[in-house]
Amino acid sequence: MNRCYVLYTFMAEELVPLITSPVHSTALFSRAISNTSISIIGVGVTEAGLSGPTSQSLIHLAAILKKIATLLSNNSLTCPNPNGKVCVVNTDNVPGNGSVICKYLLEIAKSDDSVTSFEDFLRNRVTFHNTMVDRITSQRDGSGGMVPRCEPVPSKALVIEDLDADLPATFSSQELKSKYGVVVRAQSGQLDGDIALKLRVANGTHTAVAHVMALSSLLMTDALAKEKGDEKATTLMSYLDSYFLDQILVAASDQFGKKETESVYEDWRKRLCHPKFGLSTFFITQNGAAKGGIRIGPTIRDLIQSNETVAVTTAFAIAAILRFLTPAKPSRNAKNSIYRGWLDGHDRESVVVPSGSSDGETAVYADGLRYNLAEGWYEFRGSCNCGNKTRPICELLGAFGTTKQPIEYLAPIKAYLSKEDGGNLGDIIEEGGESANNFCICVATLYARMVAGDGILAILKELLGKDGSGFSADCKSLVDGISPTQLDGQVPLHYRQGAVPEGSNLLETSVGTKPEHIASIVNAEVGSVMAIDLHTHLLPPSHGALCSWGIDEILTYHYLIAEYFITAPAEVTPEQFYVMNKQDQADVIWKALFIERSPISEACRGVITTLVAFGLSKEVEARDLEGIRRFYIQFRDKGLSGTEEFSRMVYKLAGVKYAVMTNVPFDANEAAHWRPKRKVKNLCGALVCLFTSILIMDVTYCSFPFRSLFSFLVGISGPIPVRSPRGPLASRRPQND
């Protein structure tokens with residue numbers, strides 16, 4: 001690659017005298033440019049260095065380029081690149097970093113007349129490449145920051161945009177890509193896609209897990225390398241896998257391609273679980289409020305706008321960020337905007353004033369921010385001003401002082417999600433659709449539980465095993481109560497499983513005094529009560545064919561058949577209808593009542609409600625009857641176990657604890673399913689008592705079919721041994737009656 005000169009920002013102070021002193025400058029360039037050609041200038045200018053033309057890093061870079069311009073102009077130096085342009089490659093992740101560097105260097109050139117035509121040189125002889133870097137590692141313990149930890153080479157360690165083919169040809173070689181992860185993008189928009197995927201996949205999952213781990217006193221992300229033998233690591237990686245598969249992949253596939261998105265996560269997951277790759281979890285939490293919007297917000301936006309399910313994993317990630325940004329005590333205008341939070345498992349009140357004695361040491365994790373695991377506290381910097389009084393989100397959350405019910409946290413959570421330097425979802429939140437509202441309330445529910453001390457990892461483990469739905473469950477499954485916008489008396493009270501489990505500390509938390517607070521809690525508690533159906537015509541899976549279920553059975557229910565004949569052509573007779581098989585009958589009714597007409601009757605709306613509860617909204621919207629049938633077939637293909645699984649799902653969704661069947665004991669078809677296969681001898685005594693009772697009762701005017709019942713019971717019991725009673729049978733009736 002010919003000659004490469006590297007300027008790192010952490011070396012800036014050492015380079016100042018070398019650049020400003022003629023003697024040292026000559027020595028520097030004689031060492032850096034030991035032959036007569038130059039191709040690449042590699043720089044490491046971070047966000048701080050790209051703040052403006054007065055940045056020392058950019059001033060130093062301008063000095064270097066001026067020297068190169070002079071050497072090139074007097075033929076003391078050549079550039080062998082394809083188009084004769086010196087390539088400046090930055091190794092940092094600021095979007096459009098090359099364009100930003102070029103912009104500020106041109107401003108420096110316009111204000112400096114020391115080099116003739118320096119501005120023209122920058123425009124015509126230098127290319128400032130936009131880049132993306134994904135090769136950041138922690139320092140090795142005891143190295144003083146000079147020896148990095150190891151990790152597998154990322155597939156995209158350095159991505160360089162080269163739209164005009166200015167880079168040396170070696171940069172596009174397969175060897176450079178496979179060994180060092182150098183990728184060259186020659187088409188406009190490709191680098192933007194790489195950056196977006198890195199933010200959503202690698203950075204998004206990193207942010208989602210870092211706050212959880214930091215609050216749980218897990219200091220390094222390499223704890224995830226133990227996923228096969230450690231329960232905490234297993235739970236955390238299951239959480240990240242689900243967040244990617246159910247959320248990021250679904251949201252990103254259309255825009256970036258499913259295969260490309262999957263490859264990014266596969267590469268990142270290998271690194272994340274590598275025992276020698278690990279970053280400080282507390283270090284990652286810096287600027288968490290903005291990271292929530294930059295790294296997680298785009299996924300939320302795409303899911304809601306495309307009517308995809310927003311799962312509890314996404315709400316959990318946002319709730320964990322907000323929990324981390326909650327101070328232990330109410331604070332205003334904290335010194336240097338630094339606030340103190342409390343670690344999971346520690347008492348909130350005890351960390352307000354540290355004891356001063358500790359079993360561990362206070363550690364600095366970044367920019368003067370500290371934590372102390374033994375005393376259970378950590379520090380963070382406030383940001384994201386929001387609310388009517390434009391206070392940092394941490395102050396809004398800390399102002400509550402003690403644990404509140406989810407409904408009371410809803411306003412500050414929505415304020416955070418709406419801010420550009422917060423969730424950056426202002427338009428989504430303002431529109432207030434059902435999915436967005438459910439997401440906000442779900443975040444509030446999880447956040448309230450975290451603040452109440454339920455245990456952030458315990459909540460995560462609970463979500464993993466939540467009634468079989470796991471982390472992929474829709475946010476609406478964790479909606480506790482109703483939002484203030486629904487308190488108009490027009491919201492029907494449907495059953496939904498309680499969002500707050502038994503044993504949660506949140507159940508011991510007092511309820512607010514405002515009407516909307518009380519209404520929300522009452523709605524949540526009443527709506528989660530399971531009912532008992534005392535009279536049904538349902539029969540269980542054990543009854544075989546008598547257990548009617550499936551879309552064809554629903555569509556041919558007698559109410560819908562009656563409605564069909566109201567609308568059916570006159571030439572269609574009941575006799576013609578009933579000679580059809582069940583599926584053909586269902587097809588006719590579906591077409592007449594759900595396609596040719598709007599399904600607005602109570603019977604039709606019941607069908608729609610049922611299908612939507614099963615998650616078949618898209619099939620209903622498309623009027624896709626075959627798609628609906630495929631949903632039921634997946635259960636039928638499993639035989640009896642599938643029927644039982646389906647039955648349990650129906651009872652769960654309906655909120656019915658159990659049903660009492662209305663049986664016809666004299667129907668041989670029914671009785672065959674609960675008639676014991678062997679004769680039951682222990683009924684003999686009961687039958688004798690029954691027989692004796694019948695003998696002493698006057699049943700002349702009783703309509704109950706004792707004879708039939710007795711015959712039935714004898715049939716399942718077998719012959720009854722009759723003994724003489726010890727005494728005469730006495731009538732309890734008056735003799736003259």
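Everything below is about the structure shown above.
Residues numbered from 1 in each chain as written. Predicted model: local features only at pLDDT ≥ 70, side-chain atom pairs only at ≥ 80, totals over all residues. Heavy atoms only, no water.

1. Here's the deal with the nonpolar core
F316 and L446 are the most contacted members of the largest nonpolar core, which has 103 residues in total. Residue contributions to this core peak at 13 residues, all from helix 16 (residues 434-452). Setting aside its immediate chain neighbours within four residues, F316 contacts V212, Y239, L446, M450, I456, I459, L460 and L463. Within the second largest apolar cluster, 30 residues are counted, among which are V86, Y104, L105 and A109. (Core = buried A, V, L, I, M, F, W, Y, C linked by side-chain atoms within 4.5 Å. Buried < 20%, exposed > 50% of the residue type's maximum accessible area, 1.4 Å probe, protein only. Helix = DSSP H or I, 4+ residues; strand = E, 2+ residues; numbered from the N terminus. Contact = heavy atoms within 4.5 Å.)

2. As for helix 3 (residues 56-73)
Its 18 residues give helix 3 an end-to-end C-alpha distance of 26 Å, which sits within 8% of 26 Å, the value for a rise of 1.5 Å per residue. Among the residues making up helix 3, those that are buried are S57, L58, H60, L61, A62, I64, L65, K66, I68, A69, L71 and L72. N75 sits one or two positions beyond helix 3 and adopts a positive phi of about 65°. (Expected span 1.5 Å × (residues − 1).)

3. Thoughts on the pattern of salt bridges
Tallying each qualifying case throughout the model produces 25 salt bridges. Between D194 and R185 there is a salt bridge, with the nearest N and O atoms lying 2.7 Å from each other. Each member of the pair D194 and R185 is classed as buried. The closest approach of N and O atoms between D454 and R449, which form a salt bridge, is 2.7 Å. The same class applies to D454 as to R449, namely buried. (Salt bridge = Lys/Arg side-chain N within 4 Å of Asp/Glu carboxyl O.)

4. Description of the pairing of strand 10 (residues 369-372)
Inspection of the sheet shows strand 9 (residues 363-366) paired to strand 10 by three bridges, in the antiparallel sense. Counterpart to A363 in the pairing with strand 10 is Y371. Count of turn residues in the strand 9/strand 10 antiparallel hairpin: two residues, of which D367 carries a positive phi of about 45°. Looking at chain direction, strand 10 and strand 11 (residues 377-381) are connected through two bridges and run antiparallel. Among the inter-strand pairings, N372 is bridged to a residue of strand 11, identified as W377. Between strand 10 and strand 11, which pair antiparallel one after the other, the connecting turn spans four residues, and G376 there sits at a positive phi close to 80°. (Pairing = 2+ DSSP bridges.)

5. Here we look at a nonpolar patch on the surface
A cluster of nonpolar side chains, contributed by L493, V511, I518, V522 and V526, occupies part of the molecular surface with about 400 Å² of accessible area. Take V526: it is sitting in helix 18 (residues 515-527). Note on V526: relative accessible area 45%, which makes it partly exposed. (Patch = residues over 30% accessible without salt bridge, like charges linked within 9 Å, V, L, I, M, F, W, Y side chains within 5 Å. Areas by Shrake-Rupley, 256 points an atom, 1.4 Å probe, with all protein chains shown as cover.)

6. A look at the packing of aromatic side chains
For the structure on display, the rule yields 31 aromatic pairs. For the pair F577 and Y578, a centre-to-centre distance of 5.3 Å together with 85° between the ring planes defines the contact as edge-to-face. Among the residues examined, F577 registers a relative accessible area of 0% and is labelled buried. With relative accessibility at 51%, the residue Y578 sits in the exposed group. The rings of F282, F324, Y339, Y365, Y371, Y378 and F380 are connected pair by pair, giving a single aromatic cluster. One Lys or Arg, R340, reaches over the ring of W377 and ends 3.9 Å from the middle of that ring. (Phe/Tyr/Trp six-rings, centres within 6.5 Å; stacked < 30°, edge-to-face > 60°. Lys NZ or Arg CZ within 6 Å of the ring centre and 35° of its normal.)

7. Section: the sheet that holds strand 5 (residues 131-133)
As a general point, the strands of a sheet are linked pairwise by backbone hydrogen bonds and lie either parallel or antiparallel. Ordered by their spatial adjacency, three strands build an open sheet running 5-6-7, and the pairing between neighbours is mixed. Of all strands in the sheet, those with a lone pairing partner are strand 5 and strand 7 (182-185), marking the two edges. On average, adjacent strands in this sheet sit at an angle of 10° to one another, irrespective of strand direction. Taken together, the three bridges between strand 5 and strand 6 (residues 158-161) define a ladder with antiparallel strand orientation. Its bridge partner lying in strand 6, T131 is registered against I160. Strands strand 5, strand 6 and strand 7 of the sheet are contacted by helix 7 (residues 190-215), whose axis makes an angle of about 25° with strand 5. (Axes fitted to C-alpha atoms, helices over the stretch in contact; angles between N-to-C directions.)

8. So, the packing of helix 12 (residues 312-324) against helix 16
Where helix 12 meets helix 16, the closest approach of the two axes is 8 Å, and the angle between their N-to-C directions is 50°. Judged by the inter-axis angle, helix 12 sits oblique to helix 16. Relative to helix 16, helix 12 is oriented so that their crossing is right-handed. For the pair helix 12 and helix 16, the contacting residues are V312, T314, A315, F316, I318, A319, A320, L322 and R323 in the first and F439, C442, V443, L446, Y447, M450 and V451 in the second. (Parallel < 35°, antiparallel > 145°, perpendicular 65-115°, else oblique. Left-handed = near helix turned anticlockwise from the far one by under 90°.)

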